[in-house]
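Coordinates in review
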Amino acid sequence: MRPGPLLPRCMALLAAVALVPAAVPSAAWLVALALLALLAFAALEAVLLGRVQVDVERPAAAVLSLGEPDTVALSLRTSARRPLRVVLRQVWPALLDAPSTTREGLVRPGERLEMVLPVRGWARGRATLDSPHLALRLWGLVERVAAPAPPAEVLVLPDLGAVRGLHDRLNRFVLRGLGSRVSARMGKGREFDRLRDYVTGDELRDVAWKASARRGKLIVREYRLDRSQEVLVCLDRGHRMSARVASLTKLDHAVNAAVMLAYIANRMEDKTALLSFAVEAQMGVPPGRGPVHLRRFTDFAASVKGGSLHTNYLVLAADLRRRLRHRALVVLFTALPELEPDSLLRSLRLLLPQHLPLVVVLRDPDLRAAAEMLPSTAEELGRTLAARDLAGAREQAVREARAMGALVVETDPGQAGTAAMNAYIDVKRRQLL
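Described below are features of the structure shown in this document. The structure displayed is predicted, hence computed values, not measured ones.

Now for the overall build of the protein chain. Counting its regular elements, the protein chain contains eleven helices and 21 strands. Taking all 433 residues of the protein chain together, the buried fraction comes to 44%. A separation of at least 24 residues holds for 73% of the contacts in the protein chain among residues at least 6 apart in sequence. Carbon and sulfur atoms provide 57% of the accessible area of the protein chain, an area that totals close to 22900 Å².

Attention now goes to the side chain of threonine 298. Among the secondary structure elements, threonine 298 is positioned in helix 6 (residues 291–303). When near neighbours in sequence (up to four residues on either side) are disregarded, threonine 298 contacts Pro158, Leu160 and Val259.

A contiguous nonpolar patch, built from Met11, Leu35 and Leu39 and spanning about 230 Å² of accessible area, is present on the exposed surface. Looking at the secondary structure, you find leucine 35 in helix 2 (residues 26–50).

For the rest of this paragraph, the subject is the sheet that holds strand 14 (residues 230–236). Ordered by their spatial adjacency, six strands build an open sheet running 18-17-14-19-20-21, and the pairing between neighbours is mixed. The open sheet has two edge strands, strand 18 (281–288) and strand 21 (407–411), and neither has a second partner. Recorded for the sheet is a direction-independent mean angle of 15 degrees between the axes of neighbouring strands. Together, strand 14, strand 17 (271–277), strand 19 (328–334) and strand 20 (356–362) form the strand contacts of helix 5 (residues 250–267), whose direction differs from that of strand 14 by roughly 170 degrees. Where helix 6 meets the sheet, it contacts strand 14, strand 17 and strand 18, and its direction lies at approximately 165 degrees from that of strand 18.

With that out of the way, let us pick up the sheet that holds strand 5 (residues 84–91). Here we have five strands laid out as an open sheet, ordered 1-10-9-5-6, and antiparallel in their pairing. Unpaired on one side and paired on the other, strand 1 (2–3) and strand 6 (100–107) mark the two borders of the sheet. Summarising the sheet, strand 5 and strand 9 (residues 133–137) pair through five bridges and their orientation is antiparallel. Residue pairing across strands places arginine 85 opposite arginine 137, the latter belonging to strand 9.

On to the pairing of strand 4 (residues 69–78), then. Note that strand 2 (residues 54–57) and strand 4 share four bridges and pair antiparallel. What sits directly across from glutamate 57, in strand 4, is serine 75.

The rules behind the values
- Residues numbered from 1 in each chain as written.
- Predicted model: local features only at pLDDT ≥ 70, side-chain atom pairs only at ≥ 80, totals over all residues.
- Heavy atoms only, no water.
- Helix = DSSP H or I, 4+ residues; strand = E, 2+ residues; numbered from the N terminus.
- Buried < 20%, exposed > 50% of the residue type's maximum accessible area, 1.4 Å probe, protein only.
- Contact = heavy atoms within 4.5 Å.
- Areas by Shrake-Rupley, 256 points an atom, 1.4 Å probe, with all protein chains shown as cover.
- Patch = residues over 30% accessible without salt bridge, like charges linked within 9 Å, V, L, I, M, F, W, Y side chains within 5 Å.
- Salt bridge = Lys/Arg side-chain N within 4 Å of Asp/Glu carboxyl O.
- Pairing = 2+ DSSP bridges.
- Axes fitted to C-alpha atoms, helices over the stretch in contact; angles between N-to-C directions.

The values are spatial; any link to function lies outside them.
So this is what it looks like as structure tokens:
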């Protein structure tokens, strides 16, 4: 129990009345009687509130998408026979952007009060959600503080909303295409699918001449995109990936993009694997596909943490040469180094031509803005020239990587998922694997 908001006001009013001049002797008795009555009502309210039972219902776990606004709902009911004013305060763990949220409402007898608390994931991970603190009031003289709900769990995962949206769009596209003929040129790969009758527009190189001779009519071979190819996603967790862009770190954007890429690769029936690296490489999920594999992929991606670590691309290349037995698409999410791009180029030379590297470069908006700024002072001129030198070194590294045969995609961190997905589809279309 603690004093309510009404009790200090009443006490202040009585104190003001007690300052009446001594010319009115009866005023002291009136103040004393009013004080006793006030304390009696406060004690009565405390007794009534002490008998109230509070029932709070909320999910045992709250699963949120990183960077996306969401809500946590709860409902409460009391055993009181009178309406009670309830003030709820929920303290959030460090994974969420707000330290706490406060809501107020009126709980009527026999009814449940629904409360929706807005939240937003700030960092990936798992944390304990403490019980909300409730302050119950009847008249406002006394408050009863309670925490009746058991602790819950908060899980902040990569942005699955983008994956759900992509899933819905792909399903609608497939449904619209039911009953239509698929052109032999679209999605054509090297894996044989079936034989069918020749249709005007088919290429002569696809004609199966032996089958045509046996049946007495032209028969063509139909192919489909190669399946069960390996796609290895590598997440850079070095210090450059800890910079925040639009409230999320570059590593967070890379994790969101990796989950989206894993989904589309699974939809294309390819196998995906995931590892993170900095001073050393850590294999997280071996190659696989299917819903269970995607859950493992997402769980490990959500657990990847950055820090003040040096990014060693040569260690990654040596680990991949030892680990990968077959040709694979190596998708590398990273921020280009400022002063030592040679280490990245040397690691790409170790992977080529056995594997196909796809480097997704997350741009630095601040560096680009500094390089494009028109300076007005000597200090700004020095900053602009330094930014242009760094930007020029990065552009030279990108040109050299592309010249040696690696695929390089430069993108803003927030668009990394779309850029990686488009590059992967282009690799499949051009049969580069």
